[in-house]
Amino acid sequence: MRPVVTAEQMRAAEQAVFDAHPGIDLMGVAAAAVAAEARRAWCSGPILVVAGPGNNGGDGLFAAAELATDHDVRVWLALDAAHEAGLRAAREAGCRVVEAPEAITLLVDAGLVIDAVLGIGGRPGLSGPLETFAHACRDVEVPVLAVDLPSGLDADSGLAHSSLHATTTVTFAALKPCHVLAPAAERCGRVVVADIDVPIREVAWSQAERADVARTWPVPDSSDHKYTRGVVGLDVGSEQYPGAALLSCAGALHTGPGMVRYLGTAPAEMIVQRFPSVVTAEGRVQAMVVGSGWGDVDAEDRFREAAGRGVPSVVDADALRWVQHGLPEGSLLTPHAGELARLLDVDRSEVEAEPRHHAALAAERFGATVLLKGAVQFVAEPGGRVMTAVRGPAWTGQAGSGDVLAGACGTLLAAGLTALDAAVAAASLQAMTAEAHPGPWPPDRVAEWFPEVIAGLAASTPQLDG
């Protein structure tokens, strides 16, 4: 897990270190991390360090001084002021200070731009020569290494203000919201979190990584059978929307259940013809998936019947409107932004502006874990814990992806995972699979590759000898 903290939380953590260790040189540690990442990113040509007057600029200038021992380093003071000690070190190391026109001209031959203008305390947006410079960087496709965050972004927001676009961002101690939230995260490129010996105690939320999913994944052993691995019941689809039934079956089957029971109203022959291992008879289940493709026909009765089974349920789509009737313990709600807005009686724009807040609000209100689907997928459980799943490509934002995801979540609930772990693992599985097979594949085709990715997860997790 990678913690995500706000700018205020980060400043408080740094201040605690300064208070405990007066005179500590955090800037030197940060600059060394920037220089190390710059050496990995550099190909050929001069390095241009674009520096501001604050601590972010100081990080960049001290990194410039370190890099100047074996690189041609130029410095542009983009806001006509500088961190004095950092500038002195850069000059003494042989860095040459240039003006804006030369900085822009230099981009054609530069091997790397280090963006150290505005950090977590900077005002969002760019203007004047710096905005022109940002456009020029994109035009010539020069690699950009951002210090803490691309200048112009708001550390605590996902909004895409006018900013530089980084190839790589090196941030310190923890991720910031802009590194995670779309569309700002797309401006950050690959994000490297450098350890600068600043303990993070107050965490806003956590970002899941592949290794976390691997540790969580329920891998069977020789003692397992279909019932211990989990039986998931799917009351999804209808005569009007039979595709939802097939998609949820695809998601559930390819995630590794012991058994899938189809209990919906889509034609059973259609289900079995496509998926012959699916059982269409009643029987015991350890989790349910409900709501996908119901429409309005008998929706309330179907919800009450499913809830009456008393097993954890994945509540999706048309079933969400009935959650006020009560949910079995350990259940998971899987709304998209519009559905969550209706549940909370707010505008969709409010949910999209503050997705983490509204996911957490819904979790508390309904006493269930909430997976808020979208470009960034938030999972919130009652009590305030929030995680985001591994991010995938935008190709997965299409009709049917949610039905597949609901089925995958149901399989993991039936296997005994908590609702939070099931949601994070299933959403991450879908994202990682789409990343491994880029392109506009339909969601049922993506599901067919789930076993390949799951096998990779299992192989990466050390197995204990009996």
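Computed from a predicted structure; not experimentally measured.

The rules behind each value
Numbering of residues begins from 1 in every chain and follows the order in which that chain's sequence is written. Local features in a predicted model are, by the rule used here, given only for residues with pLDDT of at least 70; side-chain atom pairs are given and counted only at 80 or more, and totals for whole chains, interfaces and linings are based on all residues. Side-chain numbers here rest on the full set of heavy atoms in the structure, without hydrogens or water. Angular values range over 0 to 180 degrees, each being the angle between N-to-C directions of two axes fitted as lines to C-alpha atoms, with helices fitted over their stretch in contact. Each helix is a run of H or I in the DSSP string that is no shorter than four residues. Each strand is a run of E no shorter than two, and both are numbered from the N terminus. Working rule for angles: under 35 degrees goes down as roughly parallel, over 145 as roughly antiparallel, 65 to 115 as roughly perpendicular, anything else as oblique. Take the far helix as your reference; a near helix turned counterclockwise from it by less than a right angle gives a left-handed crossing, and one turned clockwise gives a right-handed crossing. Here, residues are in contact when the closest pair of their heavy atoms is within 4.5 Å. Each residue receives one of three labels: charged for Asp, Glu, Lys and Arg, nonpolar for Ala, Val, Leu, Ile, Met, Phe, Trp, Tyr, Cys and Pro, and polar for the others, Gly being one of them. For every residue, the accessible area (1.4 Å probe, protein chains only) is compared with the maximum for its type, and the residue is labelled buried under 20%, exposed over 50%, or partly exposed between those bounds. Polar contact is defined as a pair of N or O atoms within 3.5 Å, subject to the rule that within protein one atom must be able to donate a hydrogen and the other to accept it, and that residues adjacent in sequence are counted only when both atoms are side-chain atoms. Strand pairing is defined by DSSP finding a minimum of two bridges between the two strands. Each helix should span, by expectation, one fewer than its residue count multiplied by 1.5 Å.

(A) Structural detail: the packing of helix α16 (residues 401-414) against helix α17 (residues 419-436). With their axes 8 Å apart at the nearest point, α16 and α17 run at an angle of 135 degrees to one another. One way to sum up the angle between α16 and α17 is to call them oblique. Classified by chirality, the crossing of α17 by α16 is right-handed. Residues S401, V404, L405, A408, C409, L412 and L413 of α16 form the contact with α17, whose own contacting residues are A419, A422, A423, A425, A426, A427 and Q430. Of the residues assigned to the contact of α16 with α17, the class counts are twelve nonpolar, two polar and no charged.

(B) Seen up close, the side chain of T255. Mapping T255 onto the fold places it in the loop between α10 (242-253) and β11 (259-262). For T255, a relative accessible area of 3% puts it in the buried group. A distance of 2.5 Å separates a polar side-chain atom of T255 from the backbone oxygen of G251. Other than its neighbours up to four places away in sequence, T255 contacts W217, A408, T411, L412, L429, F450 and I454.

(C) Structural view of the packing of α17 against helix α19 (residues 450-459). Look at α17 against α19: their axes get within 9 Å of each other, and the N-to-C directions meet at 105 degrees. What the angle tells us is that α17 and α19 run roughly perpendicular. Facing α17, whose interface residues are L429, Q430, M432 and T433, α19 presents F450, V453, I454 and L457. Across the contact of α17 with α19, the residue classes tally to six nonpolar, two polar and no charged.

(D) Inspection of the sheet that holds strand β7 (residues 168-172) at higher detail. The strand order across the open sheet built from seven strands is β4-β3-β2-β5-β6-β7-β8, with neighbouring strands paired in parallel fashion. At either end of the open sheet lies a strand with only one pairing partner, and these are β4 (96-98) and β8 (190-194). Within the sheet, the average angular offset between the axes of one strand and its neighbour, ignoring direction, is 25 degrees. Two elements, strand β5 (residues 112-116) and strand β6 (residues 144-147), share three bridges in a ladder whose sense is parallel. Residue pairing across strands places D115 opposite A146, the latter belonging to β6. The strands that helix α2 (residues 26-41) touches are β5, β6, β7 and β8; relative to β7, the one it contacts most, it runs at about 160 degrees.

(E) α16, seen in detail. Helix length check: α16, at 14 residues, gives a terminal C-alpha distance of 20 Å against a target of 20 Å (1.5 Å per residue), a fit within 8%. Burial within α16 is extensive, with 14 of its 14 residues counted as buried. Just beyond α16, the residue with positive phi is G416, at close to 105 degrees.

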